[in-house]
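# Close look at the chain arrangement
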Amino acid sequence: MYSAIAMGKVNRDGSILTATPGIRVTVEDPVGDIMGAIQVGYRVHLPERLVKDSNYIIQLTPENYGEDGPDHGECSIAALGPIDETGFSVVVWGDRRQLIDPDPPTMVPVQARWFFVLYEIC
């Protein structure tokens, strides 16, 4: 059985809008080399002993990227290593041309609002 142990809503600048007490978020520049490019992202810092090891599950959900609404922007999100008992890193990729341009999408790192839930096996 899985149990939700923490959650949060993070603003594009890395500030926490709401989260489980003890969670901290910092903006990381660079997070690392992903697909041949240095990425800007976030690091979620977990309170001590929130998780017993690095085998927890992270569910991430991005808000739509772009000020023009859902018809003009899409974004995707991924959790990156290191994922350990101290926290995890997140990069948000966005592509403002994806729905309005016939060319292949060009994903770039962006700062966008996102949400997370952590689950651990009980």
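Please refer to the structure placed before this passage.
Below: a short report on this structure. Being a predicted model, the structure only gives us computed values, none of them experimental.

To continue, consider the sheet that holds strand 9 (residues 114-121). Strand order in the open sheet formed by four strands is 2-1-9-5, with antiparallel pairing between adjacent strands. The sheet is open, and its two edges are formed by strand 2 (16-19) and strand 5 (57-62), each paired on a single side. Here the average twist between neighbouring strands, direction ignored, is 20°. Pairing analysis gives eight bridges linking strand 1 (residues 2-10) to strand 9, with the strands arranged antiparallel. What sits directly across from Tyr 2, in strand 9, is Ile 121.

Moving on, we come to unusual backbone geometry. With a phi angle near 65°, Arg 49 is a residue other than glycine that sits in the positive phi range. Residue position: Arg 49 is located in the loop between strand 4 (37-45) and strand 5. On the accessibility criterion, Arg 49 (75% relative accessible area) is exposed.

Quick look at the environment of Asn 11 now. With respect to the helices and strands, Asn 11 occurs in the loop between strand 1 and strand 2. In this structure Asn 11 comes out as buried when scored by relative accessible area, which is 17%. Expressed as a C-alpha distance, the spacing of Asn 11 and Arg 113, which sit 102 residues apart in the sequence, is 4.5 Å. For Asn 11, the residues in contact, after removing those within four places along its chain, are Leu 17, Tyr 42, Ala 112 and Arg 113. Among the polar contacts listed, one links the side chain of Asn 11 to the side chain of Arg 113, at a separation of 3.5 Å.

Scoring rules and cut-offs
Residues numbered from 1 in each chain as written. Predicted model: local features only at pLDDT ≥ 70, side-chain atom pairs only at ≥ 80, totals over all residues. Heavy atoms only, no water. Pairing = 2+ DSSP bridges. Helix = DSSP H or I, 4+ residues; strand = E, 2+ residues; numbered from the N terminus. Axes fitted to C-alpha atoms, helices over the stretch in contact; angles between N-to-C directions. Buried < 20%, exposed > 50% of the residue type's maximum accessible area, 1.4 Å probe, protein only. Contact = heavy atoms within 4.5 Å. Polar contact = N/O pair within 3.5 Å; in protein donor to acceptor, adjacent residues only side chain to side chain.

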